[in-house]
Amino acid sequence: MLILTKSDFIKLLQCRKYLWLYKHRRDLLPEDIDLSLEKVFEEGYEVEKYACELFPKGDGAVFQPTFKSPKQGIICRCDILKYTSPKEVELYEVKSSTEVKDYHLSDVVFQKQCLTESGLTVKKVCLILVNNKYVRHGPIEPKKLLKIEDVTEEVEERMEELPARIEEALKVLRLKTEPDVRILKQCSKPFACPLIPYCWKNVPTPSIYDAGLNEKKLNILLDKGILNMKDVPAGMITPSKRKFYESVLTDKPQIDRKAIAKWIEKLVYPLYFLDYETYSSAIPMCDGYRPYQQMPFQYSLHVIKKPGQKPLHYEHLELKAVDPVPALAAKLSKQLGPKGSVIAWNMGFEKDRNSEMAERLPAYAKFFNAVNKRMVDLAEPVKKGAYVHPDFLGKWSIKAVLPVMCPELSYEGLVTETATAFEYWPELISGKLPPAERGTMEKKMLAYCKMDTFGMVRILGEMEKTLGH
Ligand code: SF4
């Protein structure tokens, strides 16, 4: 008999091919769970641990019970099941999200079906979520950290269509060959599919998927066998992607020198290129923080005092398991002087961190508020279309722009594609790493952050070159 688990079912809802490949071609899946995914799992376990504390001993709660439907071969493991009588239960599913998501409902709908077919009456269905208004003060208080959302009605509305979806999933599993599925938005929603390297191997660069088209337009192109962005009819391109499209057709950058000159004119020396690395988690690590609040633990700062001068470099990385903000603020306030432009890439992120640090540390409020008034965003000329390159692939992150504008600079070897300083930091401060490994990790993290600010120095230099400076 075929067995369908709730995670199989969620895969079907994302993509039939994902479910089939996951079951029949495990060899195509990445071998290791990367650090990023590991963190998601660990976070889930931690939240679940606190959720269990919401149910005192003796109130009928059972943790992680497994049920197998005698009817359809569906199997599920519930997070928490509370028996209100021998045959009546309340179902509680724990998620480390702060809000209800569509796939959460699919998850509990599947569980309810399995429980019902196993002879239980499910009186109530709830999601236990993270309350992002909670602020940690001392030991974690589960009742404040978590919130319970009753989704009984929403689940009821979805129950009718469920048997057909389960039958569809079982049909997919019975297929002898992989189903033919078009590449559309499902590859990244609700999760980035781990089979992208396999399914996308013949997709050219840039492709129709870089053109910002809706699914209707993508389907029209796919019907005609069009995959290359160059073959997209001009009439389909939206105004926001037009410059990128033209750069792809001509295979040349589109540079608006006037707009770049205007942006550069705003700069005031000395120039400070600033980048933070931050950490956030469902369970706040330190007092005074909310769940998922970003906590800056590292910065890199390049300083150019006068035009034409070589940049100086400063950096900081917290190495202890403490609130990293006071030490960071103390050091940065000595290295970042009172005059001159503070340049960041996508500055909204750095500005928000500055505002939060100002609020958190009144002694540095004046410093951070003044820094925010001097901030300029180096990503702006790219975002606003003043500098467009076909190889940016319509993106404007520094990881997309830097290797194209300054090919001699590379992030390769500094971190893996998926594990960044964010994932490394908890390991670095854990005290569990052997000294040599810890030293290597520290060096990599410093080099990674330094590349961001040195990259900005170089990108600005390249922009100036287009003006003949
Ligand atoms: S990469 Fe896309 S098409 Fe391929 S299995 Fe995943 S979701 Fe389906």
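Residues numbered from 1 in each chain as written. Predicted model: local features only at pLDDT ≥ 70, side-chain atom pairs only at ≥ 80, totals over all residues.

**Quick look at the overall build of the protein**
Rules: The helix and strand labels rest on DSSP assignments: H or I over at least four residues marks a helix, E over at least two residues marks a strand, and numbering proceeds from the N terminus. Between the buried cut of 20 or more and the exposed cut of 12 or fewer other C-beta atoms within 10 Å of a residue's own C-beta lies the partly exposed class, and all C-beta atoms are placed from the backbone.
The helix and strand tally for the protein stands at 18 helices and 15 strands. On the principal axes, the C-alpha backbone points of the protein span a range of 80 × 60 × 40 Å. Counting over 469 residues, the protein shows a buried share of 32%.

**Describing the pairing of strand E5 (residues 80-85)**
Each regular strand shows side chains that alternate between the opposite faces of the sheet. This is how it is decided: Any two strands with at least two DSSP-identified bridges between them are counted as paired.
The pairing of strand E2 (residues 61-63) with E5 spans three bridges and is antiparallel. Paired with alanine 61 across the two strands is lysine 82, which belongs to E5. One ladder, built from five bridges, connects E5 with strand E6 (residues 88-94); its direction is antiparallel. Directly across from tyrosine 83, in E6, lies its bridge partner valine 89. Connecting the antiparallel pair E5 and E6 is a turn made up of two residues.

**Let's talk about the site of the ligand**
Stated precisely, the cut-off is as follows: By definition, a residue lies near a molecule or strand when the C-beta atom built from its backbone is within 6 Å of it. Three classes are used, and their members are as follows: Ala, Val, Leu, Ile, Met, Phe, Trp, Tyr, Cys and Pro are nonpolar, Asp, Glu, Lys and Arg are charged, and the others, Gly among them, are polar.
Among the 13 residues in the neighbourhood of the ligand, the closest are listed as Cys15, Tyr18, Cys187, Cys193 and Cys199. When contributions to the shell around the ligand are tallied by element, the ones reaching two or more residues are helix H2 (16-24) and helix H8 (196-199). Among the elements that make up the shell around the ligand, the one with the highest residue count is H2 (three residues). Its residues assigned to classes, the shell around the ligand comprises 10 nonpolar, two polar and one charged.

**Overview of the packing of helix H4 (residues 102-117) against helix H6 (residues 152-159)**
Where we set the bar: To get an axis, a line is fitted to the C-alpha atoms, and for a helix only the part in contact is used. The angle between two axes follows their N-to-C directions and goes from 0 to 180 degrees. Here the angle decides the label: under 35 degrees means roughly parallel, over 145 means roughly antiparallel, 65 to 115 means roughly perpendicular, and every other value means oblique. Here, residue contact means that the backbone-derived C-beta atoms of the two residues sit within 7 Å.
Two numbers describe how H4 lies on H6: the axes approach to 9 Å, and their chain directions differ by 70 degrees. Relative to H6, the element H4 lies roughly perpendicular. Residue-level inspection shows Leu105, Val108, Val109 and Lys112 of H4 in contact with H6, the latter providing Glu154, Val155, Arg158 and Met159. In terms of residue class, the contact of H4 with H6 is made up of five nonpolar, no polar and three charged.

**Observations concerning the nonpolar core**
Stated precisely, the cut-off is as follows: Nonpolar core, as used here: buried Ala, Val, Leu, Ile, Met, Phe, Trp, Tyr and Cys residues forming one set through C-beta atoms within 7 Å. Throughout, the edges of the domains are those of an automatic or database domain assignment.
Grouped together as the largest cluster of nonpolar side chains are 61 residues, with contacts concentrated most on Tyr272 and Ile343. When residues in this core are grouped by element, the largest group, eight residues, is from helix H18 (residues 435-466). Both domains that meet at this core, namely domain 2 (204-249) and domain 3 (253-469), each give it at least three residues. Of all hydrophobic cores here, the second largest spans 43 residues; its members include Cys15, Trp20, Val94 and Leu146.

**What to know about the sheet that holds strand E8 (residues 146-150)**
Pairing in this open sheet of five strands is mixed, and the strands run E2-E5-E6-E7-E8 from one edge to the other. Each edge of the open sheet is held by one strand with a lone partner, namely E2 and E8. Taken pair by pair, the neighbouring strands of this sheet meet at an average axis angle of 25 degrees, ignoring direction. Contacts from H4 reach E6 and strand E7 (121-130), with the element oriented near 150 degrees to E6.

**So, the environment of glutamine 293**
Turning to its location among the elements, glutamine 293 is positioned in the loop between strand E10 (271-279) and strand E11 (295-304). Leaving out residues up to four positions away in the same chain, glutamine 293 has contacts with Ser280 and Pro284.

**Notes on the domain arrangement of the protein**
One can read the domain layout of the protein as domain 1 (4-174), domain 2 (204-249) and domain 3 (253-469). For domain 1 versus domain 3, the distance between C-alpha centres works out to 38 Å.

**Let's talk about the packing of helix H16 (residues 398-405) against H18**
Going by this rule: Crossings are classed by handedness, with left-handed meaning an anticlockwise turn of the near helix from the far one by less than a right angle and right-handed meaning a clockwise turn.
H18 packs onto H16 with a crossing angle of 55 degrees between their chain directions and a minimal axis gap of 10 Å. With respect to their mutual orientation, H16 and H18 come out oblique. Considering the relative orientation of H16 and H18, their crossing is left-handed. Contact with H16, carried on its side by Ile398, Val401, Leu402 and Met405, involves Asp452, Gly455, Ile459 and Glu462 of H18 and no other residues of that element. Residues that form the contact of H16 with H18 fall into these classes: five nonpolar, one polar and two charged.

**A short note on the sheet that holds strand E4 (residues 74-77)**
Taking strand neighbours across the sheet as the criterion, the three strands line up as E1-E4-E3 in an open arrangement whose pairing is mixed. This sheet does not close on itself; its edge strands, each paired only once, are strand E1 (4-5) and strand E3 (66-68). The pairing of E3 with E4 spans three bridges and is antiparallel. In the sheet register, phenylalanine 67 faces E4, and the bridge partner there is cysteine 76.

**Comments concerning the environment of lysine 82**
One can find lysine 82 in strand E5. Sequence separation between lysine 82 and phenylalanine 110 is 28 residues, and the spatial gap between their C-alpha atoms is 17 Å. Once you skip the residues sitting within four places of it in the chain, lysine 82 turns out to touch Phe55, Asp59, Gly60, Ala61, Val89, Glu90 and Tyr92.

**Examining the pairing of E6**
Rules: Crossover handedness is defined by viewing with both strands directed away from the observer: a clockwise path from the first strand over the helix to the second marks the crossover as right-handed.
With five of seven residues buried, E6 lies mostly within the body of the structure. Pairing of E6 with E7 involves seven bridges; the strand directions are parallel. Residue pairing in the sheet places glutamate 93 in a bridge with leucine 127 of E7. Regarding the hand of the β-α-β motif, the stretch spanning E6, H4 and E7 is right-handed.

**Topic: unusual backbone geometry**
With an omega of 0 degrees, the peptide bond between lysine 189 and proline 190 qualifies as cis. Within the secondary structure, proline 190 sits in the loop between helix H7 (162-174) and H8. For the peptide bond that leads from tyrosine 269 to proline 270, omega is 0 degrees, which places it in the cis range. Turning to its location among the elements, proline 270 is positioned in the loop between helix H11 (257-265) and E10. The backbone phi angle of glutamine 64 is positive, close to 60 degrees, even though this residue is not glycine. Tracing the chain through its elements places glutamine 64 in the loop between E2 and E3. A residue is classified by how many C-beta atoms lie within 10 Å of it, and glutamine 64, with 11 of them, is exposed.

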